[in-house]
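# Fold and contact review
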Amino acid sequence: MPGLILHVGATMTCAHQGPANAPAPAQQRVLVGAQPVATTADTFVVLGCGFPAASLGAPPCTSIRWLQTSARVRVGGLPVLLQPTPPPSVGPAVGVGTPPPNPPMVQAMQLRVRGM
C-alpha cells in the first residue's frame with residue numbers, strides 16, 4: 001500500500017499520549033525533509049506513556065513497532081517505513097507492551113515524498 005515515507009524526526013505519540021522518538025537513526029545518508037528516512041532498523045522509544053499501569057497491572061508503552069513498510073523502496077537494503085495518507089492520523093503501528101495498546105498518533109511529518 002502506498003504512503004508517505006516516514007522520517008526519524010516525525011512527531012508522534014503512543015496511544016496514551018506519551019511522546020515517541022527515534023533516539024539515533026539507523027542510517028543518515030538518505031534524507032527527506034532534512035531528516036533521515038526511517039527504516040525497519042529504527043526503534044521509536046516512548047517516553048512518559050500515560051497508560052495507568054498500576055491500576056491495570058500492565059506495563060506502559062516502551063516503544064513502537066511500525067507495521068507498514070515499503071515493498072519497493074529500500075535504504076541500505078532495509079524497507080522504509082510508510083505512513084498512510086492523509087497525516088496527521090493514526091499510524092500503522094502498535095505500541096509494545098501488555099496488553100497491546102491502540103496505534104500511535106502521528107502529529108507531524110514530511111508531506112512530499114511517497115513510497116510504495
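Placed above this text is the structure.
Keep in mind the model is a prediction, meaning the values are calculated, not measured.

## Remarks on the overall build of the chain
Assigned secondary structure in the chain consists of one helix and 13 strands. Order of helices (α) and strands (β) in the chain, N terminus to C terminus: β-β-β-β-β-β-α-β-β-β-β-β-β-β. Counting only residues that meet the buried cut, the chain has 44% of its 116 residues in that class. Carbon and sulfur atoms provide 59% of the accessible area of the chain, an area that totals close to 6,100 Å².

## Observations concerning the sheet that holds strand β13 (residues 114-115)
Where strands meet in a sheet, backbone hydrogen bonds hold them as pairs that are either parallel or antiparallel. Read from one edge to the other, the open sheet built from four strands follows the order β8-β9-β1-β13, with strand pairing classed as antiparallel. Each end of this open sheet is capped by a strand with a single partner; those strands are β8 (69-75) and β13. Taken together, the two bridges between strand β1 (residues 3-5) and strand β9 (residues 78-83) define a ladder with antiparallel strand orientation. Directly across from L4, in β9, lies its bridge partner Q83.

## Some points on the pairing of β9
In terms of burial, β9 is largely enclosed, as five of its six residues are buried. Looking at chain direction, β8 and β9 are connected through three bridges and run antiparallel. The partner of R74 across the bridge, within β9, is P79. Between β8 and β9, which follow one another and run antiparallel, lie two residues, and G76 among them has a positive phi close to 60°.

## Overview of the nonpolar core
Counting residues in hydrophobic clusters, the biggest one holds 19 residues, and the most contacted among them are L6, M12, F44, V46, I64 and W66. Where this core is concerned, the elements lending two or more residues are β6 (44-46) and β7 (63-66). Discounting residues that sit within four places of it in the chain, L6 has contacts with M12, V37, A38, F44, W66, L81 and M109. Counting six residues, the second largest nonpolar core, distinct from the first, contains I5, V32, V37 and V80.

## Here's the deal with the packing of aromatic side chains
The way to describe two aromatic rings as a pair is by their centre distance and the angle between their planes. Applying the stated criterion across every chain, the model contains one aromatic pair. Aromatic pair F44 and W66: ring centres 6.3 Å apart, planes at 45°, arrangement tilted. Here F44, found in strand β6, pairs with W66, found in strand β7; they are 22 residues apart in sequence, far enough to count as distant. This pair shows no difference in class: F44 is buried, exactly as W66 is.

## Details of the state of the cysteines
Taken as a whole and assessed by the stated rule, the structure comprises zero disulfides. Just so you know, C49 is unpaired, no disulfide at all, and the nearest cysteine sulfur is the one on C14, 3.7 Å from it. Among the cysteines around C61, which has no disulfide bond, C49 carries the closest sulfur, lying 3.8 Å off. Here C61 falls in the buried class, since its relative accessible area comes to 4%.

Reading the values: the criteria
Residues numbered from 1 in each chain as written. Predicted model: local features only at pLDDT ≥ 70, side-chain atom pairs only at ≥ 80, totals over all residues. Heavy atoms only, no water. Helix = DSSP H or I, 4+ residues; strand = E, 2+ residues; numbered from the N terminus. Buried < 20%, exposed > 50% of the residue type's maximum accessible area, 1.4 Å probe, protein only. Areas by Shrake-Rupley, 256 points an atom, 1.4 Å probe, with all protein chains shown as cover. Pairing = 2+ DSSP bridges. Core = buried A, V, L, I, M, F, W, Y, C linked by side-chain atoms within 4.5 Å. Contact = heavy atoms within 4.5 Å. Phe/Tyr/Trp six-rings, centres within 6.5 Å; stacked < 30°, edge-to-face > 60°. Disulfide = S-S within 2.5 Å.

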